[in-house]
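Here is how the chains run, residue by residue.
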Amino acid sequence: MTREPRTQKPSPQVEGDHETRSATPTPPPPPSATAEKAPPATLGTAGLLTALSALLLSVVSFAAAGIAVPSIGASLQASASEQSLVVSVYSLGFAAPMVVGGRLGDLYGRRRLFLFGMAGFTAFSLMATLAPTIAVLIVARALTGVSAAAMVPQVLATITASTHGRERARAVALFGATAGGATAVGQVLGGVLLSVPLLGSPWRTVFAMSVLMGAVAFLAALRWMPSTGAPGDRSLDLIGTALLGAALLALMIPFSQGGALGWPGWCWALLAASPVAFAAFWTRQLRLHRRGLVPLIPPPLLHLRSYRLGLLMALLLQSAFGAFTFLYALSTQTGLGWSPMGAAVVLLPFALCFLVVSIWSGKLAPRFGFRRLLTIGGFAQAAMLVVTATSVLVQSPGMSGWTLGALLVGVGFGQALMFGPLVGAMIADVPPSSAGAASGVVQTTQQAAMGLGVAVAGGLLGAATADSTVPVEQAYVTALAVCMLVQAAFAIAFALLAFALPRR
């Protein structure tokens with residue numbers, strides 16, 4: 001029988017937006033129960049950039065692999081479903097164990113988990129680079145995703161545990177810039193690498209890039225990554241881990257594979273089982289918390305209004321962004337016949353604007369507050385999306401890349417004011433002892449939302465192209481425009497939710 005995890009001392013309880021602690025002094029835990037050394041007073045620029053390298057690498061690898069799928073199919077004689085698995089198994093391996101990765105970082109040390117994940121990511125990227133068959137490549141990408149789930153939650157958790165005030169605002173702004181801009185950067189980089197087939201097949205160069213970046217990031221982490229953790233019992237809720245993993249897989253497998261397979265009955269059965277598994281998981285977390293044991297996700301986290309609302313806002317933001325990136329790639333390449341490089345270059349101004357404005361928002365957050373920036377960002381993005389969608393419909397099917405690229409700069413401005421400040425608002429009240437779990441939940445929500453957005457976008461595209469009387473180019477462009485209008489509606493809902501966040 002598995003021993004129930006039990007803390008050695010009561011952990012801080014969060015009620016509402018306030019943290020309350022026992023007035024009775026508690027002796028420090030013995031050295032064996034301490035995860036790692038106390039965090040330094042500051043993360044430092046080198047440590048921050050090293051931590052962000054994990055987030056950058058995980059997103060760039062995903063985006064670049066998506067661009068490389070046609071080359072993979074031609075080289076390894078892969079079917080359409082096998083090609084889709086190259087992308088989807090990475091997402092599944094990444095999202096499902098993310099919360100566990102964050103919790104393990106809390107218990108055993110975030111630097112240790114970061115290094116473990118980065119080493120695995122690099123090794124399995126090398127396996128993907130040398131894969132002789134599509135089956136080996138699919139297995140390698142799944143294991144690469146699991147490795148990413150070990151290292152990526154440590155990024156935001158380390159920022160939360162080792163920064164304060166303006167330094168945290170700056171770090172969170174760079175986190176948002178990396179999270180949002182890395183998708184476009186990955187597509188641009190993938191397009192460039194596919195045109196330089198150094199290893200015989202163009203797609204192998206894409207995965208070799210991850211090997212090189214991972215090796216550099218691992219060495220940098222040995223030198224600059226700070227050691228942080230949360231003291232306490234090192235046991236893990238194994239039953240809760242299994243329930244959460246089952247719930248996430250039951251949700252994400254249908255979204256990632258249902259469209260390609262024609263939505264068979266087992267996909268609908270998994271979707272129906274997912275909320276049941278989530279309910280069983282949360283019931284267990286509440287029961288463990290009431291008994292003074294250690295849950296995988298501390299229930300008091302959701303008592304924080306900023307964190308609770310932030311998860312809903314992240315769901316809106318990421319699902320809309322996932323749908324847009326999916327439809328953009330298909331509409332420009334399959335529908336309009338642009339090259340992967342041409343489609344990626346049009347996104348480059350968007351990525352650059354996103355990066356610059358995200359860094360700028362880190363300086364504005366302490367002065368104007370998260371609520372104001374999030375509200376401005378939501379309404380600004382909604383306005384620019386409506387303008388861009390109208391332009392796309394008017395120009396179709398002869399859409400100009402120059403015009404679209406210029407309009408997407410305005411979209412990037414609004415989105416940058418949504419990404420970074422949202423993360424800052426969510427972690428503002430999170431205690432350092434729960435930073436890993438909180439980070440894991442945030443990033444699991446983001447990954448699941450991206451999958452949901454892609455699935456809905458796939459359905460929209462299928463409906464648009466089903467009518468044989470409509471030219472293919474027109475159908476793709478119309479689907480992209482409708483997607484942007486829906487994204488604008490989500491941005492307005494995002495801005496309205498920002499009003500309910502606590503005042504800072």
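Residues numbered from 1 in each chain as written. Predicted model: local features only at pLDDT ≥ 70, side-chain atom pairs only at ≥ 80, totals over all residues. Heavy atoms only, no water.

### Quick word on a nonpolar patch on the surface
Together, Val192, Val196, Met341 and Val345 make up a nonpolar patch on the protein surface, roughly 260 Å² of accessible area in all. Within the secondary structure layout, valine 192 lies in helix α7 (residues 165-194). Of the residues examined, valine 192 reaches a relative accessible area of 32% and is grouped as partly exposed. (Patch = residues over 30% accessible without salt bridge, like charges linked within 9 Å, V, L, I, M, F, W, Y side chains within 5 Å. Areas by Shrake-Rupley, 256 points an atom, 1.4 Å probe, with all protein chains shown as cover. Salt bridge = Lys/Arg side-chain N within 4 Å of Asp/Glu carboxyl O. Helix = DSSP H or I, 4+ residues; strand = E, 2+ residues; numbered from the N terminus. Buried < 20%, exposed > 50% of the residue type's maximum accessible area, 1.4 Å probe, protein only.)

### Considering the packing of aromatic side chains
Applying the stated rule across the entire model yields nine aromatic pairs. Ring geometry for phenylalanine 321 against phenylalanine 350: centres 6.4 Å apart, planes inclined by 20°, an arrangement best described as stacked. Note that phenylalanine 321 is positioned in helix α11 (residues 305-335) and phenylalanine 350 in helix α12 (residues 340-368), a separation of 29 residues in sequence. For phenylalanine 321, a relative accessible area of 3% corresponds to the buried category. For the ring pair phenylalanine 321 and phenylalanine 419, a centre distance of 6.1 Å and an interplane angle of 80° mean the geometry is edge-to-face. One end of the pair, phenylalanine 321, is in helix α11; the other, phenylalanine 419, is in helix α14 (residues 401-427), and 98 residues separate them in sequence. With respect to burial, phenylalanine 321 and phenylalanine 419 carry one shared label: buried. Taken together, the ring pairs connect Phe321, Phe350, Phe354 and Phe419 into an aromatic cluster. (Phe/Tyr/Trp six-rings, centres within 6.5 Å; stacked < 30°, edge-to-face > 60°.)

### Considerations on the pattern of salt bridges
One pass over the structure, following the stated rule, counts three salt bridges. Between arginine 103 and aspartate 106 there is a salt bridge, with the nearest N and O atoms lying 3.9 Å from each other. Residue arginine 103 and its partner aspartate 106 are located together in helix α3 (residues 98-108), separated by three residues, close to a single helical turn. Taking relative accessible area as the criterion, arginine 103 reaches 10% and is therefore assigned buried. You can call aspartate 106 buried: its relative accessible area is 0%. Through salt bridges with shared partners, a single ionic network connects Arg103, Asp106 and Arg110.

### A closer look at the packing of helix α13 (residues 370-395) against helix α16 (residues 472-498)
Where α13 contacts α16, the axes come no closer than 8 Å and their chain directions differ by 165°. Our classification of the angle between α13 and α16 gives roughly antiparallel. For α13 against α16, the interelement crossing comes out left-handed. When its residues are assigned to classes, the contact of α13 with α16 shows 19 nonpolar, six polar and one charged. (Axes fitted to C-alpha atoms, helices over the stretch in contact; angles between N-to-C directions. Parallel < 35°, antiparallel > 145°, perpendicular 65-115°, else oblique. Left-handed = near helix turned anticlockwise from the far one by under 90°. Nonpolar A, V, L, I, M, F, W, Y, C, P; charged D, E, K, R; others polar.)

### Quick word on the nonpolar core
Among the nonpolar cores identified, the biggest contains 72 residues, and Tyr307, Tyr328, Leu374 and Leu422 are the most heavily contacted of them. Listing elements by their share of this core, those giving two or more residues are α3, α9 (238-261), α11, α12, α13, α14, α15 (435-466) and α16. Listed in part, the 55 residues of the second largest apolar core include Leu48, Phe121, Ala128 and Ala131. (Core = buried A, V, L, I, M, F, W, Y, C linked by side-chain atoms within 4.5 Å.)

### Some details on the side chain of arginine 371
Within the fold, arginine 371 resides in helix α13. Judged by its relative accessible area of 17%, arginine 371 falls in the buried class. Of note is the side chain of arginine 371, whose polar atom sits 2.6 Å from the backbone oxygen of phenylalanine 499. Only 2.8 Å separates the side chain of arginine 371 from the backbone oxygen of leucine 501, close enough to count as a polar contact. If we ignore the near neighbours within four places in the chain, the residues touching arginine 371 are Ala498, Phe499, Leu501, Pro502 and Arg503. (Polar contact = N/O pair within 3.5 Å; in protein donor to acceptor, adjacent residues only side chain to side chain. Contact = heavy atoms within 4.5 Å.)

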